[in-house]
Amino acid sequence: MKDVLIIGGKEVSSRLFLGTGKFSSHRLIPEVIRATGSQVVTVALRRIDPEYEEENIVSYVSGECILMPNTSGARNAEEAVRIARVARAAGCGNWVKIEVIADNRYLLPDNYETVKATEILAAEGFVVLPYMSPDLTTAKKLVEAGAAAVMPLGSPIGSNRGLRTRELIRILIEEIPLPIIVDAGIGRPSEAAEAMEMGVAAVLVNTAIATASDPVAMGRSFKLAVEAGRIAHLAGPGETHEYAQASSPLTGFLRD
Amino acid sequence: MCQRYDKFDFDSFFKQVTDAGIKRIIAKNRLTETDFLSLLSPRAEKYLEEMAQKAHRCTVQNFGRVIFLFTPMYLANYCVNQCVYCGFNVHNKLERKKLTRAEVEREAKIIAATGLKHILILTGESRRESPVSYIRECVEVLKKYFTSISIEVYPLEENEYVELVSVGVDGFTMFQEVYNKEAYAEFHPGGPKRNYRFRLEAPERACRAGMRTVNVGALLGLHQWRAEAFLTGLHADYLQNTFPDVEVSISPPRMRPQLGGFPPKVEVSDKNLVQYILAFRLFMPRGGVTISTREPSELRDRLVRLGATKMSAGSSTAVGGHSASCAQTGQFEISDKRGVMEMAKMLYAQNYQPVYKDWQTL
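Residues numbered from 1 in each chain as written. Chains lettered and ligands numbered in written order. Predicted model: local features only at pLDDT ≥ 70, side-chain atom pairs only at ≥ 80, totals over all residues. Heavy atoms only, no water.

A. Structural detail: the overall build of chain B. Of the regular secondary structure elements, chain B holds 14 helices and 9 strands. By the compact-globule yardstick of 21 Å for 362 residues, chain B fits well, its C-alpha radius of gyration being 19 Å. For chain B, the spread of C-alpha atoms along the three principal axes comes to 60 × 45 × 35 Å. In chain B, which comprises 362 residues, the proportion classed as buried is 64%. (Helix = DSSP H or I, 4+ residues; strand = E, 2+ residues; numbered from the N terminus. Rg over C-alpha atoms; globule rule 2.2 N^0.38 Å. Buried < 20%, exposed > 50% of the residue type's maximum accessible area, 1.4 Å probe, protein only.)

B. Representation of the packing of helix H3 (residues 111-123) of chain A against helix H4 (residues 136-145) of chain A. Residues and elements named next belong to chain A. Two elements in contact, H3 and H4, have axes separated by 8 Å at closest approach and are oriented at 15°. Viewed along their axes, H3 and H4 adopt a mutual orientation that is roughly parallel. With respect to the hand of their crossing, H3 and H4 are arranged in right-handed fashion. Between H3 and H4, the contacting residues are Asn111, Thr114, Val115, Thr118, Glu119 and Ala122 on the first element and Thr138, Lys141, Leu142 and Ala145 on the second. Residue composition of the contact of H3 with H4, by class: 4 nonpolar, 4 polar and 2 charged. (Axes fitted to C-alpha atoms, helices over the stretch in contact; angles between N-to-C directions. Parallel < 35°, antiparallel > 145°, perpendicular 65-115°, else oblique. Left-handed = near helix turned anticlockwise from the far one by under 90°. Contact = heavy atoms within 4.5 Å. Nonpolar A, V, L, I, M, F, W, Y, C, P; charged D, E, K, R; others polar.)

C. Just empty space enclosed by the protein, in detail. Inspection of every chain in the model, using the stated rule, returns 4 cavities of 30 Å³ or more. Looking at the second largest cavity, its volume works out to about 80 Å³. Looking at the second largest cavity, the residues that line it are His26(A), Arg47(A), Asp49(A), Tyr52(A), Glu55(A), Ile57(A), Gln353(B), Pro354(B), Val355(B), Tyr356(B) and Lys357(B). Of the residues contributing to the lining of the second largest cavity, the split by class is 5 nonpolar, 2 polar and 4 charged. (1 Å grid on protein atoms, 1.4 Å probe; cavity = no way out; pocket = protein on both sides within 12 Å on 5 of 7 lines; lining within 4 Å. Points joined across faces, edges and corners; volume = space filled by probe spheres on them.)

D. Highlighting the pattern of salt bridges. Residues and elements named next belong to chain B. Under the criterion given, the structure shown has 46 salt bridges over all chains. Asp270 is paired through a salt bridge with Arg254; the nearest N and O atoms lie 2.8 Å apart. A residue pair is termed long-range when its members are at least 10 positions apart, and Asp270 in helix H12 (residues 270-283) and Arg254 in the loop between strand E6 (247-251) and H12 qualify at 16 residues. Using a relative accessible area of 41% as the deciding quantity, one classes Asp270 as partly exposed. (Salt bridge = Lys/Arg side-chain N within 4 Å of Asp/Glu carboxyl O.)

E. Quick look at H3(A). Residues and elements named next belong to chain A. Taking 1.5 Å per residue, 13 residues should reach 18 Å; H3 reaches 18 Å between its end C-alpha atoms and fits that length. The inward-facing, buried residues of H3 abut helix H2 (77-89), strand E6 (95-98), strand E7 (127-132) and H4. At the N-terminal boundary of H3, the capping side chain belongs to Asp110, with an oxygen 3.2 Å from the backbone nitrogen of Tyr112. Immediately beyond the C-terminal end of H3, within one or two residues, lies Gly125, with a positive phi of roughly 90°. (Expected span 1.5 Å × (residues − 1). Polar contact = N/O pair within 3.5 Å; in protein donor to acceptor, adjacent residues only side chain to side chain.)

F. Inspection of the interface of chain B and chain A at higher detail. Contacts between chain B and chain A engage 37 residues on the former and 36 residues on the latter. Summed over both partners, the interface of chain B with chain A buries about 3000 Å², with 43% contributed by carbon and sulfur atoms. Among the residues chain B hides against chain A, the three largest losses belong to Gln61(B), Arg286(B) and Leu362(B). Together they make up 21% of the total. The interface formed by chain B and chain A includes 7 salt bridges. Taking the shortest distance from any N to any O, the salt bridge between Asp358(B) and Arg47(A) comes out at 2.7 Å. For the side of chain B that touches chain A, the elements supplying multiple residues, two or more each, are helix H4 (48-63), strand E1 (66-76), helix H11 (225-242), E6 and strand E9 (353-355) of chain B. If you tally residues by element for the side of chain B that touches chain A, the top one is H4(B), at 4 residues. Of the residues assigned to the side of chain B that touches chain A, the class counts are 15 nonpolar, 12 polar and 10 charged. (Buried area = accessible area lost by both parts, 1.4 Å probe.)

G. The packing of aromatic side chains, seen in detail. Residue and element names in this part refer to chain B. Under the criterion given, the structure shown has 15 aromatic pairs over all chains. Plain terms: the ring middles of Phe10 and Phe14 are 6.5 Å apart, the flat faces sit at 40° to each other, and that makes the pair tilted. Taken together, the residues span about one helical turn, with Phe10 and Phe14 both in helix H1 (residues 10-15) at a distance of 4 residues. For the pair formed by Phe10 and Phe14, the shared burial category is buried. Over the ring of Phe198 we find Arg205, and its NZ or CZ is 3.9 Å from the ring centre. (Phe/Tyr/Trp six-rings, centres within 6.5 Å; stacked < 30°, edge-to-face > 60°. Lys NZ or Arg CZ within 6 Å of the ring centre and 35° of its normal.)

H. Expanded view of the layout of surface pockets. Here the largest pocket defines a volume of roughly 950 Å³. Taken together, 31 residues make up the lining of the largest pocket; nearest its centre are Ser159(A), Cys58(B), Gln61(B), Asn62(B) and Pro285(B). When residues of the lining of the largest pocket are traced back to their parent elements, those giving at least two are H4 and H12 of chain B. No other element matches the 7 residues that H4(B) contributes to the lining of the largest pocket.

I. Region of the structure containing the environment of Ile151(B). Residues and elements named next belong to chain B. The topology assignment puts Ile151 in strand E3 (residues 148-152). Classification of Ile151 by relative accessible area gives buried; the value is 1%. Each C-alpha atom of the pair Ile151 and Tyr85 lies 21 Å from the other, and the pair is 66 residues apart in sequence. Among all residues touching Ile151, those that are not within four sequence positions of it are Leu120, Ile121, Ile135, Tyr161, Leu164, Val169, Gly171, Phe172, Thr173 and Met211.

J. Structural detail: the environment of Lys15(B). Assignment of secondary structure puts Lys15(B) in helix H1. Residue classification places Lys15(B) among the exposed positions, given a relative accessible area of 70%.

K. Region of the structure containing the side chain of Thr173(B). The residue Thr173(B) is located in strand E4 (residues 169-177) in this model. With residues near it in sequence (within four places) discarded, Thr173(B) still touches Leu120(B), Ile151(B), Glu152(B), Val153(B) and Asn215(B).

L. Structural detail: the nonpolar core. Of all hydrophobic cores here, the largest spans 125 residues; its most connected members are Tyr161(B) and Leu303(B). Residue contributions to this core peak at 9 residues, all from H12(B). Discounting chain neighbours no more than four positions away, the residues touching Leu303(B) are Leu273(B), Val274(B), Ile277(B), Ile291(B), Ala308(B) and Met311(B). One finds Ala84(A), Ala87(A), Leu178(A) and Met196(A) within the second-largest nonpolar core, a separate group that totals 61 residues. (Core = buried A, V, L, I, M, F, W, Y, C linked by side-chain atoms within 4.5 Å.)

M. Local environment of the side chain of Arg75(A). Along the chain, the position of Arg75(A) falls in the loop between strand E5 (66-70) and H2. For Arg75(A), a relative accessible area of 14% corresponds to the buried category. Within the local environment of Arg75(A), its side chain forms a polar contact with the backbone oxygen of Met211(B), the two atoms lying 3.4 Å apart. Residues within four places of Arg75(A) in sequence aside, it is in contact with Val100(A), Ile101(A), Ala102(A), Gly210(B), Met211(B), Arg212(B) and Asp245(B).

N. The pairing of E4(B), seen in detail. All names here are of chain B. Of all the 9 residues making up E4, 9 are buried; the element is thus mostly covered by neighbouring parts of the structure. Summarising the sheet, E3 and E4 pair through 3 bridges and their orientation is parallel. Bridged to Ile151 within E4 is Phe172. Note that the unit made of E3, helix H7 (residues 158-166) and E4 has a crossover that is right-handed. Bridge count for E4 against strand E5 (residues 213-218) is 6 bridges, and the pairing is parallel. Paired with Met174 across the strands is Val216, a residue of E5. (Pairing = 2+ DSSP bridges. Right-handed = clockwise from strand over helix to strand, strands pointing away.)

What follows is the structure, given as structure tokens:
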């Protein structure tokens, strides 16, 4: 059976989503997209400048990609909603990554405001992918609010600290009937593979690729890791046991 | 915040800082106030390279390989203050001027043609010549050309900041100039700027009024730089803790020659400046560091990799200075005279992306 990821009614070919804010040159982005094979690319509306073609980050994202503007800079639901509307009006499509951050030290999302923004934008026909702190109650509210996926953080944005919220993400995978996409914190391809093995639908990476010495090679490495992790998940990894299997079973004497 | 250090003996503190202590601090993830002060000590100068390596990694991780660009636009140079170090001092003889709406528009067009979307507007302190209503009118014009407008004007009341935010101002810059109170009184002999506290608390009023970005700083050269750098960092840290949703940054401006001819009281070398920026970066990993054209191009090129996040380009400190027809006396002499294109070229050569736009008027 074909393994497809569907978000907002759209078939998404690559499970590696790409962030764009930290590259040393916009001109690197097309090459990195080729290396990662990413189809979904997120760009902060605050950085989009249609009036300066050469320095407009969107000019470097292939038309074949799904452009997912994000609401970076929004401090509350109202600002996130306004940013999303400006993005749509500017011709950036109807996908939006909600990012509501009222904490500039750790850049942790405000789950409450995120739910509010999701509800408003989903009702307006946006395909809403909210970035959130992994929390089951919030995730359920996001489902009710009409989110197209739920994007919990693995660790704070840009921290490269990996899947520190592993247990909470595991619970979301088990309980939430939407694609779970780990957004933020993944610092190495092995961590992306680990997330995919766990059963997340996709991962979103920026810092780990953009700030690598060779972003193109790192992009390719992430592509392979995400694919490997997905295959492993589908292959059904064997159970893990805390102890070796007893060679003299306690119940071996029982007969049918 | 500053009061706790009013009587603090910085020299005695620096004497007890040890090499082992500095190494331990550089290895830490989260620095305390006293850790920050230790990194500003003379002893820490031996560890600048270690500090630089970590500060560079930390800056790239938090901000990416990017530098945000902006340019200042001087709207008016009328001033009632007597700051001894400033070219706009009320006693200085220079042509006083304020831009008309048409002149603001002409300047705006010239700046916008460089691709910049962020602008910092400045005035001297004159509630008669450049009142809030005048600043507001200028903002109305500039909104057509720029997606982010910051102000660097005299301290206002909170409701006045609210008014400016409501018409589209989103950024605020104010230098305390000197945090040491005695020195402050000495360098500000007359005018409303004598009110130390009203100025010190202006950034808080701006934050409460809804500014998105707030930039503070001390003018280096007026008083002991290590103490001034420390208090600037504490001020920034206090603002970040109190207003977690505001983007806080600092400027480390060094005094430049100006019309009054007032020489710096203390010398702040390149090495000192770098130590200050690195210590701040390690203390506030997500704090912005703004480097103006006061610094020479060779040094600015180096500071790209030493913790800077924002730089001005194509600057003029004269009223109407962006339009070729005006030849006015500036607030101070700039050092790096490169235009926006040249700055962008330099950044690309260093494998950095110049960012012309980082906010969108909503």
